[in-house]
Structure formats: C-alpha cells, structure tokens
Amino acid sequence: MTAYKDLSKEELLELKSGLEAQFEEVKAKGLKLDMSRGKPSADQLNLSMGMMDTLTSGVDLTCEDGVDCRNYGGLDGIDEAKQLLADMMEVPKDNVIIFGNSSLNVMYDTVARAMTHGIMGSTPWCKLDKVKFLCPVPGYDRHFAITEHFGIEMINVPMTSTGPDMDMVEKLVSSDPAIKGIWCVPKYSNPQGITYSDETVFRFANLKPAAEDFRIFWDNAYCVHHLYEDKQDYLIEILMECKKAGNPDMVYKFSSTSKISFPGSGIAAMAASDANLEDIRSTMRVQTIGHDKVNQLRHVRFFGDIHGIVEHMKKHADILRPKFETVLEVLERELGGLEIGSWIAPRGGYFISFDALDGCAKAIVAKAKEAGVVMTGAGATFPYGKDPHDSNIRIAPSYPTPEELAVAAEVFVLSVKLASVDKILETK
C-alpha cells in the first residue's frame, strides 16, 4: 500500500470521493453498535452463572474458622476470600483486606481518606496548598476522574513500551513534595496492553519521594486476564520489591473479580504493608462493620482456589481472543502501510490502543458515531479529557458480538481513512 502522505492532492481528492461514497452506504444501514467501554459480554457473564447455585437456603454459611457469614463482623473479610484474592494478587494473605464489589470504589475511598485524614499521621491533603498526582498517558479515565473530583492537579507522564517514563517519574517524585501519588495499571495497561518491565518495577520500588506520604496506586486490574495461554506477560510483584528496597509502605495494590465473575457483584481487595493496613482500618472501623461476607463466601465456593480462577479465565480468553484478533486483522488489512495510524497487539487486558495522525482522533470518533458506531470519547485516556495530540483512541472489543464487532471495525477504519485524508489535504 502507498502511504497517504505520498499521494498527490489529485489522488487524495479522488480517494476521498470513493471513501465518502462508501461512508454514505454504511450510514444508510442504520447501524447501532457500541465499542465505547470494556464491559464483559453476555457470554462471559454466563460463565459465572453457576455461582448463583453455590449458596441456597439449605447451605451452611459458616466459614472454616466458624464465622457465620450472615452476621456482623469481619472487617478484613473472611479468611477464605482473603486467601483467594491474596493468591491472585501474589501477596501474603495477612496483607490483604477484602472490600465490596468494586476496586474503583476502594481507590476512591483511599484518596478520600488521604484528603480528610491524611496517611499514617501526615497532614490531610485537604489542608495543603497543592496536591499533585502523576498520570501515565494514555491511561484509565476513571482513575483520572477520581483525582479531578478532589481537585488534585494531574501531571502527564508518557508511557513507553516498558511502562511509564521512569526518568521523568524519578525526577518529579524526588523533587516535588506536593506529588502524593501516581496511578498505575501495571499489567496489560489500560488502554495500551503494556506490561511494566522488571526494570520499571525495580525503579518504582526504589523511588525516593520528597513526600513522606507519597503512594503508588498499583491497580493490577488485569492480573489474570491473559488472551493466550502460551504467550502471557509476567509482572514482578511490587509489594515484595518495595519491602526489599526499604520502602514497604510506598504502595497500595488493588484488584478485584469484576471482570472475572460479575462486574456488579464481584469482590475487591487491597494489599499493602501492615502499617498501611492498620491506618486504613482505623477509618474503616467507623465506616463499616464489615463488607458482604455472603458474597465473599459465594466466590470462594464457586472458584475453590486460585487454580479455579485460572481455569475460569481460560474460558474468558476463548471468548475474548477471537474478538481482539478480528479487530487487529481489520486494522492490519485496511491500514497497514498507509502510515495513518499505529496500534499495539496486546496479550491480555480489555483494550486496543490506536494512535491516529495528530489532530484526527475527535474527527474519527465523530465519523464513526455518524455511521452508527459509538467509540470511547477522544481524549478520555488523558487527564481532564485533553489529549494534547488529539490522536489516541481506545477500542473496546469485549462487549459486541463477533458479528457486530467485525462490522464496527470496518466502520472504524473507514472513519480513520476519511479523517486522515482530510488532515493530509490541509497540508497539500
């Protein structure tokens, strides 16, 4: 294929005419397709329906240590659930607290607690003149929404093929005491699917922050979300590395079963140092008597142990893998060699990250919507919704049916071509 930038103005105008004709044909079909969010499909949710049968009115709801899950108590969660999530997160059981259904909720509460009461005796963030967070970009829009909600200044840190730009992270964290945290999705990152390298994790563990209450918000949302059994990314465990580096309190690690069992009815967990967890419990004791132990028990009895989760996730991969491969095949077939976009083929997670020509993302998303395909909003993968290059688009293949996805992918690449031709014509 000839790169679009190498075409003459006359060739580009002729190409545009043909693309516009195709676009009108697509619009006439009246499509209503959605690739905007990484929701599990109905087929994925059906994999967990057996969980609904694990607890009935005739089942004993007593844990192995005698705790009656129907009653009050158990601030940290039941032991069996702590062990299940600890094994998934690769940390000791005693360093885990089980919360409700959403790790996002736990992260929000963690920031809120720091705002109102501080971290381990430090000044509450709300009493400081300025609080800042580092935000690897492109990144997770819901992370950025939390810090924006609390008025925390967000600083973009570019992602590389091995994780965030650690030269920049080290420089900023060590020199500015107003920087209190960094958002991280370290495995199959949202949206690029990048897994942090060993060196990146080591450098995180050895940070020398100017702020004593600096914390790494390590959202390991996709720790078991592999697409391929024989091609899995490996991530070094951050809690242990921080402990070895003499920084045991520097990290909060989050995970959940939201995209393993039921997103609306999973269980979430935080792993951290003993000192961090005791600090968190001091507020939790006021906030709650304990989270849903019945749901925790339901998960334990359905999965059994970490091996049950691993086998379950293979079934998820069998559903997701063909969808990812469909999108990647269309991207390569239709856009390969045209030099109007680039993308990463992830080995896990929930998204494909597409980088268009600078200044084209909003136009592409608008074109796709006009043709009946809803995409994640352009700019969503950056703090404040502002992509400085207007180029990144997050593609979410999980929710549509395979048939819908194939059509949506074709509409997307057509939209990319049209927006790119218009952009290149501006320079001719």
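Residues numbered from 1 in each chain as written. Predicted model: local features only at pLDDT ≥ 70, side-chain atom pairs only at ≥ 80, totals over all residues. Heavy atoms only, no water.

A.B. asks: What is the right way to look at the overall build of the chain in this model?
C.D. replies: When helices and strands are tallied, the chain shows 13 helices and 13 strands. Against the globule reference of 22 Å for 428 residues, the chain gives a C-alpha radius of gyration of 23 Å, in line with a compact fold. Seen along its three principal axes, the alpha-carbon backbone of the chain occupies a region of about 75 × 55 × 35 Å. Burial analysis of the chain (428 residues in total) assigns 54% to the buried set. By sequence separation, contacts in the chain at least 24 residues apart represent 77% of the contacts at least 6 residues apart. For the chain, the exposed surface amounts to about 18,200 Å²; the carbon and sulfur share of it is 50%. (Helix = DSSP H or I, 4+ residues; strand = E, 2+ residues; numbered from the N terminus. Rg over C-alpha atoms; globule rule 2.2 N^0.38 Å. Buried < 20%, exposed > 50% of the residue type's maximum accessible area, 1.4 Å probe, protein only. Contact = heavy atoms within 4.5 Å. Areas by Shrake-Rupley, 256 points an atom, 1.4 Å probe, with all protein chains shown as cover.)

A.B. asks: Just to check I follow, could you spell out the pairing of strand β3 (residues 132-137) for this structure?
C.D. replies: Side-chain positions along a regular strand alternate between the two faces of the sheet. Within β3, 6 of the 6 residues are buried, which leaves it mostly tucked inside the rest of the structure. Alignment of β3 against strand β4 (residues 153-160), held across 6 bridges, turns out to be parallel. Residue pairing across strands places Leu-134 opposite Ile-155, the latter belonging to β4. Crossover handedness for the path β3 to helix α5 (residues 141-149) to β4: right-handed. (Pairing = 2+ DSSP bridges. Right-handed = clockwise from strand over helix to strand, strands pointing away.)

A.B. asks: What am I meant to see in unusual backbone geometry here?
C.D. replies: When glycine is set aside, most residues are seen to have a negative phi, and most peptide bonds are trans. Cis rather than trans, the peptide bond between Val-137 and Pro-138 has omega equal to -5 degrees. Inspection of the secondary structure assignment puts Pro-138 in the loop between β3 and α5. Residue Asn-190 is joined to Pro-191 through a cis peptide bond whose omega torsion reads 10 degrees. Mapped onto the elements of the fold, Pro-191 is located in the loop between β6 (179-184) and α7 (198-205). The phi angle at Met-120 is positive, at roughly 50 degrees, despite the residue not being glycine. Positionally, Met-120 belongs in the loop between α4 (103-117) and β3. Despite not being glycine, Asp-390 has its phi angle at roughly 45 degrees, a positive value.

A.B. asks: What should I look at first to understand the pattern of salt bridges in this one?
C.D. replies: Under the criterion given, the structure shown has 31 salt bridges. Among the salt bridges present, the one from Glu-229 reaches Lys-314, with a minimum N-O distance of 3.1 Å. Taken together, the residues Glu-229 in the loop between β7 (215-219) and α8 (238-244) and Lys-314 in helix α11 (residues 306-335) connect sequence positions 85 residues apart. Here Glu-241 ties to Lys-244 by a salt bridge, and the two come within 3.1 Å at their closest N and O atoms. Note that Glu-241 and Lys-244 are positioned in helix α8 at a spacing of 3 residues, about one turn of the helix. Overall, Lys-244 belongs to the exposed group, its relative accessible area being 59%. Each member of the salt-bridge network shares a partner with another, and the members are Asp-76, Lys-82, Glu-278, Arg-281 and Arg-285. (Salt bridge = Lys/Arg side-chain N within 4 Å of Asp/Glu carboxyl O.)

A.B. asks: What should I look at first to understand the sheet that holds strand β11 (residues 352-356) in this one?
C.D. replies: Strand pairing within a sheet occurs via backbone hydrogen bonds; the two strands may be parallel or antiparallel. Judged by pairing direction, the sheet is antiparallel, and its 3 strands sit side by side in the order β10-β11-β13 without closing on themselves. Pairing within the sheet leaves two strands with one partner each, and these edge strands are β10 (341-343) and β13 (392-395). Averaged over all pairs of adjacent strands, the angle between strand axes in this sheet comes to 25 degrees, irrespective of strand direction. For β11 and β13, the ladder comprises 4 bridges, and the chain directions are antiparallel. Following the sheet pairing, Ser-353 is matched in β13 by Arg-394. (Axes fitted to C-alpha atoms, helices over the stretch in contact; angles between N-to-C directions.)

A.B. asks: So what exactly am I meant to see when it comes to the sheet that holds strand β5 (residues 163-164) here?
C.D. replies: Pairing in this open sheet of 8 strands is mixed, and the strands run β2-β9-β8-β7-β6-β3-β4-β5 from one edge to the other. Each edge of the open sheet carries a strand with a single partner, namely β2 (96-98) and β5. Here β4 pairs with β5 via 2 bridges, running antiparallel. The residue bridging Thr-160 from the neighbouring strand is Gly-163, located in β5.

A.B. asks: How should the environment of Ser-41 be read in this particular structure?
C.D. replies: In this fold, Ser-41 is placed in the loop between β1 (33-35) and α2 (42-46). Taking the C-alpha atoms as reference points, Ser-41 and Ile-319, separated by 278 residues in sequence, lie 8.9 Å from one another.

A.B. asks: Sorry if this is basic, but what is going on with the pairing of strand β8 (residues 251-256) here?
C.D. replies: Within β8, 6 of the 6 residues are buried, which leaves the element mostly enclosed by the surrounding structure. Burial along β8 is two-sided: the residues Val-251, Lys-253 and Ser-255 and Tyr-252, Phe-254 and Ser-256 are all buried. A crossover links β7 with its parallel partner β8, the connecting element being α8, and its sense is right-handed. Sheet topology note: the β8/strand β9 (residues 268-271) ladder contains 4 bridges and is antiparallel. What sits directly across from Ser-256, in β9, is Ala-268.

Everything listed here is a matter of geometry and, on its own, says nothing about what the molecule does.
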